[in-house]
Amino acid sequence: MCAFSSRVAVPSASDSASTKASHAEVSKGDQTMGIGAIIGNSAAEMRAAMAKSKHSVMLVMLYVVPNVTRNLIAYTDPSHQVLGMPALSPTMNQGNIAKWRKKEGDRIEVGDILCEIETDKATLEFESLEEGFLAKILVPEGSKDVPVGQPIAIMVEDEDDIQNVPASAAAGGSEVKGETSSSNQDAKSEDRAQETSTVNINTSDLPPHIILEMPALSPTMNQGNIATWRKKEGDKIEVGDVICEIETDKATLEFESLEEGYLAKILAPEGSKDVPVGQPIAVTVEDPADLETVKNAVTSGSAVKEEGKPVEPDVKNETGAQKAPVKRISPSAKILITEHGLDTSSLKASGSHGTLLKGDVLSAIKSGIGSSKVSSSKEKAKPSPQVQRETTPASSTGTKSHLKKEDSFEDFPNSQIRKVIARRLLESKQNTPHLYLSSEVALDPLLSLRKDLKEQHNVKVSVNDIVIKAVAVALRNVPEANAYWDAEKGEVIPCDSVDISIAVATEKGLMTPIVRNADQKSISAISSEVKELAEKARTGKLKPDEFQGGTFSISNLGMFPVDNFCAIINPPQAGILAVGRGNKVVEPVVGSDGVERAAAVTKMNLTLSADHRVFDGKVGGAFLSALCSNFGDIRRLLL
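Because the structure is a prediction, the values reported are computed rather than measured.

1. Some thoughts on the packing of helix α13 (residues 463–477) against helix α14 (residues 523–539)
No. 1: Orientation of α13 relative to α14, taken along the N-to-C sense of each, is 120°, at an axis distance of 9 Å. When the interaxial angle is binned, α13 and α14 end up oblique. Considering only the axes of α13 and α14, their crossing is right-handed. Here α13 contributes D465, I466, I468 and K469 to the contact with α14, which in turn contributes I523, I526, S527 and V530.
No. 2: In terms of residue class, the contact of α13 with α14 is made up of five nonpolar, one polar and two charged.

Take a look at the structure:
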């Protein structure tokens with residue numbers, strides 16, 4: 001549980017006029033409220049602050065528990081609470097108010113549904129953890145993109161206090177939030193500054209040196225992983241030498257030195273993950289005699305991270321001590337207690353006024369606390385005490401083994417490439433209107449051409465090489481399909497060249513090297529280039545210009561037992577062709593004499609996924625028609 005606090009001061013009668021005038025908001029009568037945000041490092045410090053204050057003070061607590069976050073901002077005079085937008089899922093940072101279940105003035109009980117909130121996952125219900133009356137709705141029904149923590153409503157304990165809620169309460173809540181977030185940002189900035197300064201400790205006393213920072217090796221790169229250090233501490237470095245290999249969001253690239261010198265200190269060791277661009281990773285010197293001086297004066301980046309680790313257990317211990325006995329149980333917590341047969345007397349509540357939250361129960365289940373008790377309903381169903389004594393241990397053991405089974409899993413770290421792929425594919429499906437068009441083509445002419453090239457000209461090409469050429473020629477003949485959507489201008493932008501991206505599976509993720517000007521190259525040239533690019537992709541040696549760009553993509557799963565599939569568009573491209581395997585089918589074929597006869601034909605399914613903002617039915621149909629013509633008369637590709 002993390003806590004931040006806000007002090008709301010109500011001037012006493014003895015306050016001077018200047019003191020009263022300094023307060024932020026003045027309402028009717030004696031209801032003068034001043035709002036100032038302060039950050040309390042501990043409960044003891046907050047109690048000391050309250051004791052010194054001349055005004056009434058209440059604490060604002062932010063309870064953070066697994067899967068459930070509740071923001072409760074409390075003010076005084078009259079006693080009321082400002083409810084903030086809750087974080088109802090781990091990835092939620094904003095939400096939409098879908099519907100208010102309660103109206104202003106309604107009575108609210110613990111567990112009542114206040115409103116329905118549309119998150120990034122689903123529409124969920126926001127339960128009340130307090131009794132009272134809904135005095136004011138600050139965010140109306142239908143509001144979009146409300147940030148987590150922003151005040152959405154005000155509750156009061158007494159119905160008579162509804163009319164006394166000051167109009168400035170909403171502004172005050174926003175002010176508290178703003179000041180708190182500002183303070184948090186300042187604290188984070190100070191932490192970052194402190195970390196940077198710790199890395200460069202005693203730099204004023206160092207001999208002439210250069211601090212190497214994590215470079216931005218691609219336009220979208222904001223962090224990287226240190227894959228391998230090619231140079232060791234003490235090694236001589238020449239201009240152009242590769243110092244280390246850095247795994248970016250696209251590939252593993254080499255970091256070349258622009259200066260001569262010696263590698264004095266490695267600040268980010270091999271295997272370091274998510275190193276921000278601009279963070280120091282190494283120190284070089286000009287004179288080898290200065291190596292030891294730098295080693296002794298500079299602290300590595302790993303030591304900086306370790307300094308902050310002991311802080312976390314202290315916070316957890318402190319928050320654990322603040323948990324209170326159970327006085328109330330939220331509805332979601334009751335369900336979990338019933339399902340797992342937990343003993344509520346052994347559970348600790350972290351909610352306000354001793355409310356047991358869903359997160360408290362989940363934590364208890366994970367740690368195995370309270371799992372020895374069987375629910376009362378199950379006890380009643382058992383026939384006799386003897387059977388009960390025999391069954392209870394078995395049930396308890398079964399429950400524990402079930403919990404252990406649920407917890408038995410292994411985490412596999414994702415590479416930077418897979419993280420970017422996941423993010424971009426999600427963005428593509430969410431933001432790009434996909435249009436799907438399918439067609440079958442006869443594969444026999446292509447297989448015949450491939451066989452002739454091998455036997456007559458000793459040229460080995462794959463089916464995919466010929467597909468690339470066929471697609472490139474079709475894009476050249478239908479230029480409307482070789483375009484992309486410019487979101488800023490809101491219009492279709494045609495592409496000058498036909499650059500085909502080829503999906504290549506690697507251990508680190510899917511890469512898309514590009515065959516540029518594919519419509520102008522021969523099939524044998526395409527084949528050689530694809531082999532070279534695929535090998536670079538698998539070893540992580542692709543250069544940025546070899547995988548950035550492209551006007552159209554091809555994904556071929558014909559080597560697997562996949563008949564057809566729909567691929568996801570690779571933005572900002574407007575189309576991708578999914579190629580399935582070839583299958584033998586029997587269908588009527590017109591012979592040279594004009595008579596139809598049954599014959600075995602190899603068919604291949606092609607599915608086009610297109611951006612509907614660029615491809616309408618006419619453009620998509622024209623492209624597939626041109627592509628099918630190329631497969632029907634495959635030798636035209638040699639022209």
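2. Let's talk about the pattern of salt bridges
No. 1: Taken as a whole, this structure holds 20 salt bridges when the rule is applied.
No. 2: A salt bridge links K536 to E532, with the shortest nitrogen-to-oxygen separation between them at 3.9 Å. Of this pair, K536 and E532 both sit in helix α14, four residues apart, which is roughly one turn of that helix.
No. 3: For K536, a relative accessible area of 21% puts it in the partly exposed group.
No. 4: Taking relative accessible area as the criterion, E532 reaches 48% and is therefore assigned partly exposed.
No. 5: Each of R230, E245, E254 and K541 takes part in salt bridges that share partners, so that together they form one network.

3. As for the confidence of the model for the protein
No. 1: Across the protein, the average pLDDT comes to 74, with 69% of residues at 70 or higher.
No. 2: For the protein, strand β5 (residues 61–65) is the element with the lowest average pLDDT, namely 34, and strand β32 (residues 552–556) is the one with the highest, namely 95.
No. 3: Scored below 50 in pLDDT, residues 170–201 shows 43 contacts in the model against residues more than four places distant or in partner chains.
No. 4: Counted against residues more than four places away or in other chains, residues 300–322, with its pLDDT under 50, gives 19 contacts.

4. Focus on α13
No. 1: Helix length check: α13, at 15 residues, gives a terminal C-alpha distance of 21 Å against a target of 21 Å (1.5 Å per residue), a fit within 8%.
No. 2: Across the 15 residues of α13, twelve count as buried, placing the element largely inside the fold.
No. 3: The complete set of buried residues in α13 reads N464, D465, I466, V467, I468, K469, A470, V471, A472, V473, A474 and L475.

5. Some remarks on a positive patch on the surface
No. 1: Judged by side-chain charge, R450, K454, K460 and K531 come together as a positively charged surface patch.
No. 2: Structurally, K454 can be placed in helix α12 (residues 444–457).

What counts, and at which threshold
- Going along each chain's sequence as written, the residues are numbered from 1 onward.
- At least 70 in pLDDT is required for a residue's local features to be given in this predicted model, at least 80 for side-chain atom pairs to be given and counted, and no such filter applies to totals for whole chains, interfaces and linings, which use all residues.
- Side-chain metrics in this entry use all non-hydrogen atoms of the structure; hydrogen atoms and water are not considered.
- Axis geometry follows a simple rule: fit a line to the C-alpha atoms, using only the stretch in contact for helices, then measure angles between N-to-C directions, giving values from 0 to 180 degrees.
- Runs of H or I in DSSP of at least four residues are treated as helices and runs of E of at least two as strands, each being numbered from the N terminus.
- By definition in this entry, angles of less than 35 degrees are roughly parallel, angles greater than 145 are roughly antiparallel, angles of 65 to 115 are roughly perpendicular, and the rest are oblique.
- If you view the pair so one helix is near and one far, a crossing is left-handed when the near helix is turned anticlockwise from the far one by less than a right angle, and right-handed when it is turned clockwise.
- By definition in these notes, contact holds between two residues if any of their heavy atoms fall within 4.5 Å.
- The residue classification treats Ala, Val, Leu, Ile, Met, Phe, Trp, Tyr, Cys and Pro as nonpolar and Asp, Glu, Lys and Arg as charged. All others, Gly included, are polar.
- Any carboxyl oxygen of Asp or Glu that lies within 4 Å of a side-chain nitrogen of Lys or Arg is treated as forming a salt bridge with it.
- The buried label goes to any residue with under 20% of its type's maximum accessible area, the exposed label to any with over 50%, and the partly exposed label to all in between, with areas taken from a 1.4 Å probe on protein chains only.
- Known as pLDDT, the predictor's per-residue confidence is scaled from 0 to 100.
- What a helix is expected to span follows from its residue count: subtract one and scale by 1.5 Å.
- To count toward a patch, a residue needs a relative accessible area above 30% and no salt bridge. Like charges then connect within 9 Å, nonpolar side chains (Val, Leu, Ile, Met, Phe, Trp, Tyr) within 5 Å.
- Working definition of accessibility: Shrake-Rupley area with a 1.4 Å probe, residue cover restricted to the visible protein chains.
- Within this scheme the basic residues Lys and Arg register as positive and the acidic residues Asp and Glu register as negative, but His and the chain ends are omitted.
- Taken as the charge location is NZ of Lys, CZ of Arg, CG of Asp or CD of Glu.

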